[in-house]
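The chain contents come next:
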Amino acid sequence: MTTSKRKTALFAVSSVIAILAVLFILFSAKPAYAGTVKPSGKTGGYTDRSNIENELSRSGSVTLKKGKTYYTDGPIRVRSNQTINATGATIICRKTMLINIPDRVKYNSIKNFTLIGGTWKYIGSDGYHGSSIKLTHGKNLKFYNVTIRHAHASGHSMELVSCKNIVISGCDIAPLGSSSSKTEESIQLDVATHSTAYFLESSPFNGSIARKLQNGVGCKNVTIENCTIVGNRGVVANYTRGSGGKYLRRLHKNITLRNNTIVGLRGEGVALFNTKTATVTGNTIKSFAAGSSSAYTIGLHFACFGYNSKLSTGKITVTNNVIAGGRQALQVYSHTSSKYGTVTIRKNKLYCKNGKSAALKVRSSQCVSLNKGKNKTYSWNAA
């Protein structure tokens, strides 16, 4: 073969190889818009919910299209290592927004789940009579820039049961409709018990393992920051006297509220019950509850129910907040002989319907160490 023919053959072979390489890349590479789910336009909700769940199962990630509207006929079931990016989208939900189906304890039922953005609404103006988001026994759960106008005022916008390593940041949450209930909070951090997580005993949850899951574990390592939160109560770390009081000793740990506006319409703005360690700084917290005699009218309410010696090793820090309430603006109180640990209350502006002398209630005898100073107190007419 001549040199000229040899070069021609090599060029032809090289060209074929190059073409095959390009074809391989085109057909094997992930599509540029993998994970994007387009709205179906079907208002019944089954198609959009199914498409979202299928894509989550396939790739672990879903992006909803900005400026588009989606409909769901029931809760989107989410699992570990999944992300929903709904930035700029509107999602109209006929029932609960999101759930997981827990099957194990020790915070291992759902891990590494993230929800980003979206305006999540109920299909009607009165709101859904139940929880919008219901996640149980999870860890590493993140919610960024989510707007929720879904739950009725008698329900929860976020119900997080026995979860840890939670971040709720930049969210705008408020209920629909009205309710006279003083005990329903917009964000509920709960212990898993028969009294507080009874829903685990019925469909779609696996009732056969409900008792295993109702183990009394609380929440820990929770950060709520730069949010606007409104509810009959705003944010509550819950407790229960149920099950014969066997879980009163269980404590929530490491709750941080930072730079939020939190409002309670019928109850406290914030109630952190049986909470060992908490930092509350830079917030505006108000209770607009009627009257000035009930504990439900307190702006920021810390209380311990049930004896637990470990409470005394904790740390409560409340600094640089604006807090308003009825009976008190701020109360730290133990209903047992348990003592709080190191309690720091400084540089807060405290407004109280009962007058400025009642704005702050905390007893040094109920704290291992109490540091309070440079707080300013005012009378408040709640106008």
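Computed from a prediction, not measured in an experiment: that's the story for all the values here. (Residues numbered from 1 in each chain as written. Predicted model: local features only at pLDDT ≥ 70, side-chain atom pairs only at ≥ 80, totals over all residues. Heavy atoms only, no water.)

## What about the overall build of the chain?
Secondary structure assignment for the chain yields three helices and 33 strands. Dimensions of the chain, computed from the C-alpha atoms along their principal axes, are close to 105 × 45 × 45 Å. Buried residues in the chain amount to 51% of all 383 residues. In the chain, of all internal contacts separated by at least 6 residues, the share reaching a separation of at least 24 is 75%. Surface accessibility of the chain: about 16,700 Å² in total, with carbon and sulfur atoms responsible for 50%. Taking the average location of the 52 positive side-chain charges in the chain and that of its 14 negative ones, the two points are 11 Å from each other. (Helix = DSSP H or I, 4+ residues; strand = E, 2+ residues; numbered from the N terminus. Buried < 20%, exposed > 50% of the residue type's maximum accessible area, 1.4 Å probe, protein only. Contact = heavy atoms within 4.5 Å. Areas by Shrake-Rupley, 256 points an atom, 1.4 Å probe, with all protein chains shown as cover. Lys, Arg positive; Asp, Glu negative; His and termini not counted. Charge placed at Lys NZ, Arg CZ, Asp CG, Glu CD.)

## Some words on unusual backbone geometry
Going from Ser203 to Pro204, the amide bond is cis rather than trans, its omega being 10°. Here Pro204 is to be found in the loop between β16 (185–190) and α3 (210–213). A positive phi angle is found at Asn140, which is not glycine, with a value near 60°. In this structure, Asn140 sits in strand β11 (residues 138–144).

## A few points about the side chain of His150
Mapped onto the secondary structure, His150 falls in the loop between β12 (147–149) and β13 (158–161). The class for His150 is buried, based on a relative accessible area of 0%. In terms of polar contacts, His150 uses its side chain to reach the backbone carbonyl oxygen of Lys95, at 2.6 Å. Ignoring anything within four residues of it in the chain, the contact list for His150 reads Cys93, Lys95, Thr96, Met97, Trp120, Lys121, Tyr122, Gly127, Tyr128, Ser132, Ala174 and Leu176. (Polar contact = N/O pair within 3.5 Å; in protein donor to acceptor, adjacent residues only side chain to side chain.)

## Section: the sheet that holds strand β28 (residues 330–334)
Strand pairing in a sheet is mediated by backbone hydrogen bonds. Such pairs are either parallel or antiparallel. Strand order in the open sheet made by the ten strands is β4-β7-β10-β13-β16-β19-β22-β25-β28-β31, with parallel pairing throughout. Strands at the two margins of the open sheet, each flanked by one partner only, are β4 (76–77) and β31 (360–362). As defined by bridge partners, strand β22 (residues 270–273) adjoins strand β25 (residues 300–304) across four bridges and the pair is classed as parallel. Directly across from Leu272, in β25, lies its bridge partner Phe302. (Pairing = 2+ DSSP bridges.)

## Let's talk about the sheet that holds strand β30 (residues 349–352)
Within the open sheet, the eleven strands sit side by side as β3-β6-β9-β12-β15-β18-β21-β24-β27-β30-β33. Their pairing is parallel. With one partner strand each, in any of the chains shown, β3 (69–72) and β33 (376–379) form the two edges of the open sheet.

## What to know about the state of the cysteines
Counted by the stated rule, this structure contains zero disulfides. Its sulfur unpaired, Cys93 is 15 Å from the next cysteine sulfur, which belongs to Cys171. Sulfur of Cys304: no disulfide; nearest cysteine sulfur belongs to Cys367 and is 11 Å away. (Disulfide = S-S within 2.5 Å.)

## Focus on the layout of surface pockets
Empty space within the largest pocket amounts to approximately 450 Å³. Lining the largest pocket are 22 residues, with Thr183, Glu184, Glu185, Gln188 and Asn238 sitting closest to its centre. Among the elements that line the lining of the largest pocket, the one with the most residues is β16, at three residues. Residues belonging to the lining of the largest pocket are distributed by class as follows: seven nonpolar, eight polar and seven charged. Around the second largest pocket sit 17 residues that line it, and Thr96, Tyr128, Gly130, Ser131 and Lys134 are the ones nearest its centre. (1 Å grid on protein atoms, 1.4 Å probe; cavity = no way out; pocket = protein on both sides within 12 Å on 5 of 7 lines; lining within 4 Å. Points joined across faces, edges and corners; volume = space filled by probe spheres on them. Nonpolar A, V, L, I, M, F, W, Y, C, P; charged D, E, K, R; others polar.)

## With respect to the confidence of the model for the chain
Summarising the model, the chain shows a mean pLDDT of 92, and 91% of its residues fall at 70 or more. In the model, residues 3–13 has pLDDT below 50 throughout and makes one contact with residues more than four positions away in sequence or in other chains. Segment residues 16–33 is flagged for pLDDT under 50; beyond a separation of four residues in sequence, or across chains, it makes two contacts in the model. (pLDDT = per-residue confidence, 0-100.)

## What about the packing of aromatic side chains?
Tallied over the full model, the rule gives seven aromatic pairs. On the basis of an interplanar angle of 80° and a centroid distance of 5.5 Å, the ring pair of Phe273 and Phe305 is categorised as edge-to-face. Here the residue Phe273 occupies a position in strand β22, and Phe305 occupies one in the loop between β25 and β26 (315–319), the gap between them amounting to 32 residues. In terms of burial, Phe273 and Phe305 fall into one category: buried. Cluster of aromatic residues (ring-pair linked, three or more members): Tyr239, Phe273 and Phe305. The ring of Phe199 carries Lys134 above its face, with NZ or CZ at 4.0 Å from the centroid. The lysine or arginine in question, Lys361, covers the ring of Tyr333, its NZ or CZ lying 4.9 Å from the ring centre. (Phe/Tyr/Trp six-rings, centres within 6.5 Å; stacked < 30°, edge-to-face > 60°. Lys NZ or Arg CZ within 6 Å of the ring centre and 35° of its normal.)

## A word on the pattern of salt bridges
A complete count under the given rule lists nine salt bridges for this structure. One salt bridge connects Glu159 with Lys134, and the closest N-O pair in it is separated by 3.0 Å. With Glu159 in strand β13 and Lys134 in strand β10 (residues 133–136), the pair connects residues that are 25 residues apart, well separated along the chain. Where Arg233 meets Glu185, a salt bridge forms, and the shortest distance between an N and an O atom there is 3.6 Å. Residue Arg233 is found in strand β19 (residues 233–237), and its partner Glu185 is found in strand β16; the two are separated by 48 residues along the sequence. By the burial criterion, Arg233 is buried, and Glu185 matches it. Beyond isolated ion pairs, a larger network of salt bridges with shared partners links Arg49, Glu53 and Asp73. (Salt bridge = Lys/Arg side-chain N within 4 Å of Asp/Glu carboxyl O.)

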